[in-house]
Amino acid sequence: MQGTVRTGPWWKRGVIYQIYPRSFMDSNQDGIGDIQGVIAKLDYLNDGSENSLGIDAIWISPIYKSPMKDFGYDISDYTDIDVIFGSKAEFIQLLGEAHKRNIKVIMDLVINHTSDVHPWFIESRKSKNNPKRDWYIWHEDKGKKPNNWVASFEMKNAWWFDENTKEFYLGTFTRHQPELNWRNPELKKAVYNMIRYWLDLGVDGFRMDVVNWYIKDDQFRNNPWRLSLNPIAVQRHLYDRNRPETHEICREIRAITDQYEDRMLVGEIYTNETREAVSYHGKENDELHMAFNFSFLFQKWCAKGFYNNILEYYHALPADAWPNFTLSNHDQPRHYYRYRDGKYTDARAKVAAALLMTLRGTPFIYYGEEIGMTCERIARKDIQDPLGKKGWPFIRGRDAERTPMQWDASPYAGFSTVRPWLPVNSDYKHKNVSTQSKEKNSLLAFYKALIWLRKRNNALSLGDIEFMEKDPKEVLIYKRKYGDEEVTVVLNFSKRQQRLQIDTAGKEKTLFGTHRSKGEEIFLNQLALYPYEVLIAGSLN
Ligand code: GLC
Ligand code: CA
């Protein structure tokens, strides 16, 4: 059952854990998480034993030098670490400490735009004939804005007037994030050198920020408008996103990455079109190793909905492309909150975790989801996110999913001894790592068990997937197969008992689950599932 043969690169086999560094662990008591904080918690993430979470890689949201107008997604020096987080030496120490524990380290690569105080932009805005003028996207002033593109975090036109040279520059997030001109060969060269710099240092890959925004229409045509309350969705982004030339850049970055051993690129394709996102794997699998699949972020709690969602994604993936799944990240409300249902919330979180960890595809975990961190309303005065600071009635920004990690029951949840940059969730006294580490049935214990089971089991990590029930109502049941290893996963999405609608008489034994003990024999066609039961079983042969 549990073979030892393991093939396939680490990013296919492994589980990737996203750290939002401002909120993970504060080591120097300034209320903001930092690199030493991450180092201090590496053993929690994976010390090689099943007492630890067991993740295989961390993706750290940006820690480069930044004025923090968008909390690091506005970089002012691509090859330095911001003092808030530590120093270059400390980052190198983190790499070493992580690698000692077989944890890969992925950095965030934010190359669609820089900060407006990046020296490149300072140069670029000096004069129209500055050598770096063309490194950004400038447009002459013809008495009105060049076109109708919108800055998502400002809900205003994305062209910003520069008094000095009397031209507009493009910034489609905030005005403080001018867009780089990816049609300029010098700019490309500079960014590619920077990528090599981090790969040379030993970084294991990159999470690439807003990949599909790199290239803009060369004629700057208007986007068609559409009705939506979501600022990102008020236009059809025909001309400021997904331009065909973007794929060429992806291929070039992939070619650089391939010169190094065992590195990985995963890209954020901000879209709700699955087809658009998966196109960044490349027709020949020569672009990104993975394009983030965000479809679960918008999936309601419904077995059938998940089923259709998963199949649509698998079918859309190009041949040989490797899938991935995400339930939560730093830009969307946490799934523990989205899927809340009173006393059943924890049970649902377990079903969701089991789904994430047993589907064919790399799971991404967002820090805190393993203890069921939720989203609470952030008081107006405490709002930090530029998106929330605007004061629009329906948009409060992304702070609620970025609150400090809840380590223990001490003041500020053990994250810091001083008031953190964002408030700690009010439930931290009972919901924290320390408490859940002692409870056998906690969500944390559940995540650990699942991750280690997946690690030992080739079928779960690398195997093919086949859904056994083709018209599911409340239960998903699927098989994972790798060579002669085979595992069956059964997930009850409802608060009621359910019987399976399958005719396989398969006698199997329980490997793991919420209601049955390991080794218990079951017959698939006779199973009466408990409410929200998770059951992972294997054939007896
Ligand atoms: C991506 C990031 C988001 C950031 C934006 C601008 O969407 O995930 O957090 O604000 O890009 O860089
Ligand atoms: Ca700190």
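Parameters and conventions
Residues numbered from 1 in each chain as written. Chains lettered and ligands numbered in written order. Predicted model: local features only at pLDDT ≥ 70, side-chain atom pairs only at ≥ 80, totals over all residues. Heavy atoms only, no water. Helix = DSSP H or I, 4+ residues; strand = E, 2+ residues; numbered from the N terminus. Expected span 1.5 Å × (residues − 1). Buried < 20%, exposed > 50% of the residue type's maximum accessible area, 1.4 Å probe, protein only. Contact = heavy atoms within 4.5 Å. Pairing = 2+ DSSP bridges. Axes fitted to C-alpha atoms, helices over the stretch in contact; angles between N-to-C directions. 1 Å grid on protein atoms, 1.4 Å probe; cavity = no way out; pocket = protein on both sides within 12 Å on 5 of 7 lines; lining within 4 Å. Points joined across faces, edges and corners; volume = space filled by probe spheres on them. Near = heavy atom within 4 Å. Polar contact = N/O pair within 3.5 Å; in protein donor to acceptor, adjacent residues only side chain to side chain. Areas by Shrake-Rupley, 256 points an atom, 1.4 Å probe, with all protein chains shown as cover. Nonpolar A, V, L, I, M, F, W, Y, C, P; charged D, E, K, R; others polar. Donors = N, O, S within 2.8 Å, 3.2 Å for Na, K, Ca; no water. Domains from an automatic or database assignment. Buried area = accessible area lost by both parts, 1.4 Å probe. Salt bridge = Lys/Arg side-chain N within 4 Å of Asp/Glu carboxyl O. Core = buried A, V, L, I, M, F, W, Y, C linked by side-chain atoms within 4.5 Å.

Bringing helix 9 (residues 303–316) into the picture now. Given a rise of 1.5 Å per residue, 14 residues ought to cover 20 Å, and the 20 Å separating the end C-alpha atoms of helix 9 matches this to within 8%. Looking only at helix 9, the buried set comprises Ala303, Gly305, Phe306, Tyr307, Asn309, Ile310, Tyr313, Tyr314 and Ala316. The elements touched by buried residues of helix 9 are helix 8 (274–278), strand 13 (290–291), strand 14 (324–326), helix 11 (345–358), strand 16 (464–467) and strand 17 (475–482).

All right, on to helix 7 (residues 246–258) then. Under the 1.5 Å per step criterion, the end-to-end length of helix 7 is 19 Å for 13 residues, consistent within 8% with the ideal 18 Å. Along its buried surface, helix 7 packs onto helix 6 (185–201), strand 11 (205–208) and strand 12 (264–267).

The next subject is the sheet that holds strand 11. With respect to topology, 8 strands assemble into an open sheet ordered 13-12-11-5-2-1-15-14, the strand pairing being parallel. The open sheet has two edge strands with one neighbour each: strand 13 and strand 14. Pairing of strand 14 with strand 15 (residues 362–366), which is carried by 3 bridges, proceeds in the parallel orientation. Within the sheet, the bridge partner assigned to Phe325 lies in strand 15 and is Pro363. Strand contacts of helix 4 (residues 88–100): strand 2 (57–60) and strand 5 (104–109), with the helix running at about 140° to strand 5, the strand carrying the most contacts.

We now examine the layout of surface pockets. Roughly 520 Å³ of internal volume is contained in the second largest pocket. Lys440, Ala445, Ala449, Phe512 and Gly513 are the residues nearest the centre of the second largest pocket, which is lined by 18 residues in total. Every element with two or more residues in the lining of the second largest pocket is listed here: helix 14 (443–456) and strand 20 (507–513). Top element by residues in the lining of the second largest pocket is helix 14. It accounts for 7 residues.

Moving on: the site of ligand 1. Around ligand 1, 13 residues are found, and the nearest of them are Asp70, Asp209, Glu268, His330 and Asp331. The contact in question runs from an oxygen atom of ligand 1 to an N or O atom on the side chain of Asp209, over 2.7 Å. At 2.9 Å, a side-chain N or O of His330 approaches an oxygen atom of ligand 1. About the coverage of ligand 1: the protein hides 98% of its 310 Å² of free accessible area. Across the shell around ligand 1, the residue classes break down as 4 nonpolar, 2 polar and 7 charged.

Our next topic: the coordination of the calcium ion (ligand 2). Distances from the calcium ion (ligand 2) to its protein donors, Asp26 (OD), Asn28 (OD1), Asp30 (OD), Ile32 (O) and Asp34 (OD), fall at 2.2 to 2.3 Å. As a motif over one chain, the donors of the calcium ion (ligand 2) read D-x1-N-x1-D-x1-I-x1-D. With relative accessibility at 47%, the residue Asn28 sits in the partly exposed group.

Moving on to the domain arrangement of the protein chain. Under the domain assignment used here, the protein chain contains domain 1 (14–111 + 184–455), domain 2 (119–170) and domain 3 (461–539). A separation of 30 Å is found between the C-alpha centroids of domain 1 and domain 2. Contacts between the two partners involve 28 residues from domain 1, matched on the other side by 16 residues from domain 2. Taking both sides of the interface into account, the surface hidden between domain 1 and domain 2 amounts to around 1,900 Å²; carbon and sulfur atoms contribute 67%. Applying the counting rule to domain 1 against domain 2 returns 0 salt bridges. Connecting domain 1 to domain 2 are 6 residue pairs in polar contact (both at pLDDT 80 or more). Sorting the residues of the side of domain 1 that touches domain 2 by element identifies helix 6 and helix 12 (386–389) as the ones contributing at least two each.

Right, let's get into the nonpolar core. Side chains of a nonpolar character, in soluble globular proteins, are inclined to be buried together. Counting residues in hydrophobic clusters, the biggest one holds 151 residues, and the most contacted among them are Tyr17, Leu45, Ile58 and Phe91. The next biggest cluster of nonpolar side chains, apart from the first, holds 12 residues, and it includes Met468, Val490, Leu524 and Leu527.

What follows concerns the environment of Ile84. With respect to the helices and strands, the residue Ile84 is situated in the loop between strand 4 (77–81) and helix 4. Its relative accessible area of 24% is what places Ile84 among the partly exposed residues. The sequence separation of Ile84 and Asp162 amounts to 78 residues, and the corresponding C-alpha distance is 30 Å. In this structure, Ile84 is in contact with Arg22, Asp30, Ile32, Gly33, Asp34 and Met68, ignoring residues within four places of it in sequence.

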